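The chain contents come next:
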Amino acid sequence: MSSPATPVRDHTRWDVQALRAFAVLAVVLYHLWPNRLPGGFVGVDVFFVISGYLITGHLLREQVRTGRIGLAAFWTRRAGRLLPGAFLTLTATGVAVLALVPSSLWGQYGRELIASTVYLQNWQLASDAVDYLASDNRPSPFQHFWSLSVEEQFYIALPVLLVLLGLLLRRSRHADPVRSARVLLGAVGVASLVWCVVETRTAPGIAYFSTATRAWEFALGGFLATVPLAPARTRAAAAVRTGGTWLGVAGLVASVLVISPSTPFPGTAALLPVLSAGLVVAAGARSGLQVVGRGAPVAFIGRTSYAIYLWHWPAVVLLPVVLGHPLGTTSKVAVLVGALVLAAASTLLVEEPLRARTRAVRMRPARVALLGLVATVAVVAIGAGTLTAVHVQQVQAQAFAGRLARGDVDCFGAAARIGSADPCVNPRLADVRVPAPAAAAHDDANDGACWSNTTADFNVCSLGPRTGYRKHLLAVGDSHNNALMTAYRAVAQREHWRIDVAGHIGCYFTTAEQQAPTQSYTDSCQGWKQNAMTWVADHAHELDALVVTHAATKSPVLVADGGSNDETVVRGLVSAWRTATGRGVPVIALRDNPVARDDVLACLAQMQGPTTGACDLPRAQALAAFDGSAQAVAAVGDRARYVDMTDWYCTATTCPAVIGGVLTHRDPTHLTATFATTLAPALGSRLRAALTSLGG
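So, on to the pattern of salt bridges. Enumeration according to the criterion identifies 14 salt bridges in this entry. A salt bridge links aspartate 422 to arginine 417, with the shortest nitrogen-to-oxygen separation between them at 3.9 Å. Note on aspartate 422: relative accessible area 54%, which makes it exposed. When its relative accessible area of 32% is taken as the criterion, arginine 417 is described as partly exposed. Among the salt bridges present, the one from aspartate 599 reaches arginine 597, with a minimum N-O distance of 2.9 Å. Residue class for arginine 597 comes out partly exposed when judged on its relative accessible area of 23%. Sharing partners across several salt bridges, the network here consists of Asp45, Arg214 and Glu217.

As structure tokens, this is what we get:
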């Protein structure tokens, strides 16, 4: 009689699978129903803790068992685990972008596709977060790769650090690799957490995506891998273990309900989900959460969590483009179900078979690296193709616009005089739209020499003649001022004036303090304003006028107790302008330009044939309800004039997206350089009239 078979012990951490399922569902449900689960994005932080725990434990076990860490073998296994699903998703999404997305978005999406493929998406988004010109970027279908990029950077850095640590300790007979790793991870975790708190306060855009501010989350998981809890041999110990597990679960549930997009994050707020996940990882083995994780639905979601994360976000971004409207409840449910189905298919048919084949044939690291390189180049080629197409359209649009301008085409751009009693209509421009929507975002003539981004430096550039000029003006303000650069240049040349131009990101000529995302931003803005006033005071003897403008729909001011926003705006303008008027320099205030639809370029990219009003915005929506310039001019008196160019942008009812064959906006708030150029004759005439009325 044969003896009964020895049962195979299940070493699967089903509690970790349950944690994976929670994390991915939190992220997906947040993306679909953000108002119902405001803190669902913390699921990413849970993934970071899990990765830190599992990868550190794996590397240390190898180091203890063999005395070394095989970097090539480790990275080969990671590539086999991560790259097939990632490249499949990137390729499918890249093709969908080319087929479904308006060409106006190809430039941004192409850059993010390339950044995601080489696992640098987090730094691409961090760069965009501090780039004012990229602040109006729409969410891309590749945006979620930022967290995978952070993980990949962790997979590179951690084993290298452990190898270097091992080399340093090799001569010590009593060195314990686990204990040494514990010290290393503790030090890294503390340093990263401190930096995370500081960076979240000073540069939240960078802090959210930065590897340095997220490293402590991985480090915590890794630290826990070095201090495994002993088996609970008493009821009291088991009760403590169980209590810790469910306390962690409660903390995670609280995280997704209490934390919201308005919470400064990661910062100290991330401690709640990260420590809660750490509790579950540390105490969850052999707890009741194991039973939850073994349940078929939870086990399935945990097993396919990586693929679910990969597939759901492209659908969230691209499906509204296909449908032509935001996602409703039915389409959101379809996205959720579709993500689960695609995740199951890609996991069972692609990822796991390739992983099993890689293990079976023991592919050499060099071969895996070569295959990875080929796949990377192939996917990058899709992104490069979108960027090339955008560049070609940009060059063609610039050449076409140049030919139209040189040919003195009637009614081109602002010359259409749409707000006058006798507008100019040229049938030849009926189906002309320049610059091309795909290239319009880059139709910006703002010169870096005239621009201050994140510093207090008052950078000034001069347009027109340097000597022998008839008038000397200083045009100062935020990006809406510098968006008129080509108009200022044309006016200076035509009128034989010298026009100095200076601008600062989101900051204009006022003594009022403007709301800002970070303290460093506030400091640079306040410093720039002070330097601007000093410059005006020092050059008052040579200036004929100060030209000011500002975005009326952005950068609101901080209102003092007992005051109102409108009063604060006007008071701040008047106070700053007196720096000039008090020294005999008059002020000419330009009313802010109207804004456009948020999706204006995407809308125009889909337009075929003659231009229609489908992408226009009603005048009441396009113009700010309150600008403050007119009221400030009235308060200053006879040393200030108000210039309203709205009749060149709008009719009595509408502010068109295309005027005289020219796109007015390169994003929802900034004018294209092409339209600004066509505006020059009208702007010059208005400035000349204002100077004349001032006695100049």
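Moving on to helix α26 (residues 673–693). For α26, built from 21 residues, the straight-helix expectation of 30 Å at 1.5 Å per residue is met to within 8% by its first-to-last C-alpha distance of 29 Å. Along α26, the sharpest change in direction is near 45° and occurs at alanine 680; proline proline 681 comes one to four residues later. In the segment just after α26, glycine 695 is the residue with positive phi, at about 90°.

Looking now at the state of the cysteines. Under the definition given, this model contains five disulfides. Covalently, cysteine 450 is tied to cysteine 461 through a disulfide, its sulfur atoms 1.5 Å apart. Residues cysteine 450 and cysteine 461 share a disulfide whose torsion about the S-S bond is about 95°; that sign makes it right-handed. In this pair, cysteine 450 sits in the loop between α17 (437–440) and β1 (451–452) while cysteine 461 sits in strand β2 (residues 461–463), placing the two residues 11 residues apart along the sequence. The residues cysteine 450 and cysteine 461 share a single accessibility class, namely buried. Shown here is the disulfide that connects cysteine 603 with cysteine 615, its sulfur atoms set 1.9 Å apart. Linking cysteine 603 and cysteine 615, the disulfide has an S-S dihedral of approximately -85° and is accordingly described as left-handed. Here cysteine 603 is found in helix α22 (residues 600–605), whereas its partner cysteine 615 is found in the loop between α22 and β7 (617–618), with 12 residues between them in sequence. Here cysteine 603 and cysteine 615 have matching classes, each one buried. Disulfide connectivity for the protein, with bonded cysteines indexed by sequence position, reads 1-2, 3-4, 5-6, 7-8, 9-10.

The next point concerns the packing of aromatic side chains. Tallying each qualifying case throughout the model produces 13 aromatic pairs. A connected cluster of aromatic rings, assembled from ring pairs, spans Tyr30, Phe41, Phe48, Trp146, Phe154, Tyr155, Tyr208, Phe209, Phe218 and Phe265. Lying across the ring of tyrosine 155, arginine 78 places its NZ or CZ 5.1 Å from the centre. Here arginine 214 stacks its cationic end above the ring of tyrosine 208, 4.7 Å away from the centre of that ring.

Two elements in contact, helix α1 (residues 14–32) and helix α10 (residues 235–258), have axes whose closest approach is 12 Å; the angle formed by their N-to-C orientations is 5°. Compared by their axis directions, α1 and α10 come out roughly parallel. In contact with Leu19, Phe22 and Ala26 of α1, α10 contributes Leu252, Val253 and Val256. Broken down by class, the residue content of the contact of α1 with α10 amounts to six nonpolar, no polar and no charged.

We now examine the pairing of strand β6 (residues 587–590). The two faces of β6 match: Val587 and Ala589 on one face and Ile588 and Leu590 on the other face are all buried. Inspection of the sheet shows strand β5 (residues 545–549) paired to β6 by three bridges, in the parallel sense. Within β6, the position partnered with leucine 546 by the bridge is valine 587. Two strands pair when backbone bridges link them, and β6 and strand β8 (residues 640–643) are joined in this way by four bridges, in the parallel orientation.

Moving on to helix α14 (residues 305–323). The terminal C-alpha atoms of α14, which comprises 19 residues, lie 27 Å apart, in line with the 27 Å expected from a rise of 1.5 Å per residue. For α14, the principal kink sits at valine 316 and spans about 30°; a proline, proline 320, occurs within the next four residues. Of all 19 residues in α14, 14 are buried, a share of seventy percent or more. Glycine 324 occupies a position one or two residues after α14 and carries a positive phi of about 85°.

Turning next to the side chain of threonine 664. Among the structural elements, threonine 664 can be located in the loop between β11 (662–663) and α26. With a relative accessible area of 3%, threonine 664 lands in the buried category. Polar contacts involving the side chain of threonine 664 include one to the main-chain carbonyl oxygen of proline 656, which spans 3.5 Å. Of note is the side chain of threonine 664, whose polar atom sits 2.8 Å from the side chain of histidine 665.

Running from N to C, helix α6 (residues 145–169) and α14 cross one another at 135°; their axes reach a closest spacing of 10 Å. When the axis of α6 is compared with that of α14, the two are oblique. Touching Phe145, Ser147 and Leu148 of α6 are Tyr306, Tyr309 and Leu310, all from α14. Here the residues of the contact of α6 with α14 sort into five nonpolar, one polar and no charged.

Moving on to a nonpolar patch on the surface. Taken together, the side chains of Leu161, Leu164, Leu167 and Val188 make up a nonpolar region of the molecular surface, amounting to roughly 310 Å² of accessible area. With respect to the helices and strands, the residue valine 188 is situated in helix α7 (residues 177–202).

Okay, the side chain of serine 346 next. Tracing the backbone through its elements, the reader meets serine 346 in helix α15 (residues 329–361). For serine 346, the contacting residues outside a window of four places in its chain are Leu88, Ala307, Trp311 and Glu351.

Parameters and conventions
Residues numbered from 1 in each chain as written. Predicted model: local features only at pLDDT ≥ 70, side-chain atom pairs only at ≥ 80, totals over all residues. Heavy atoms only, no water. Salt bridge = Lys/Arg side-chain N within 4 Å of Asp/Glu carboxyl O. Buried < 20%, exposed > 50% of the residue type's maximum accessible area, 1.4 Å probe, protein only. Helix = DSSP H or I, 4+ residues; strand = E, 2+ residues; numbered from the N terminus. Expected span 1.5 Å × (residues − 1). Bend = angle between axes of the 7 residues up to and from the residue. Disulfide = S-S within 2.5 Å. Phe/Tyr/Trp six-rings, centres within 6.5 Å; stacked < 30°, edge-to-face > 60°. Lys NZ or Arg CZ within 6 Å of the ring centre and 35° of its normal. Axes fitted to C-alpha atoms, helices over the stretch in contact; angles between N-to-C directions. Parallel < 35°, antiparallel > 145°, perpendicular 65-115°, else oblique. Contact = heavy atoms within 4.5 Å. Nonpolar A, V, L, I, M, F, W, Y, C, P; charged D, E, K, R; others polar. Pairing = 2+ DSSP bridges. Polar contact = N/O pair within 3.5 Å; in protein donor to acceptor, adjacent residues only side chain to side chain. Patch = residues over 30% accessible without salt bridge, like charges linked within 9 Å, V, L, I, M, F, W, Y side chains within 5 Å. Areas by Shrake-Rupley, 256 points an atom, 1.4 Å probe, with all protein chains shown as cover.

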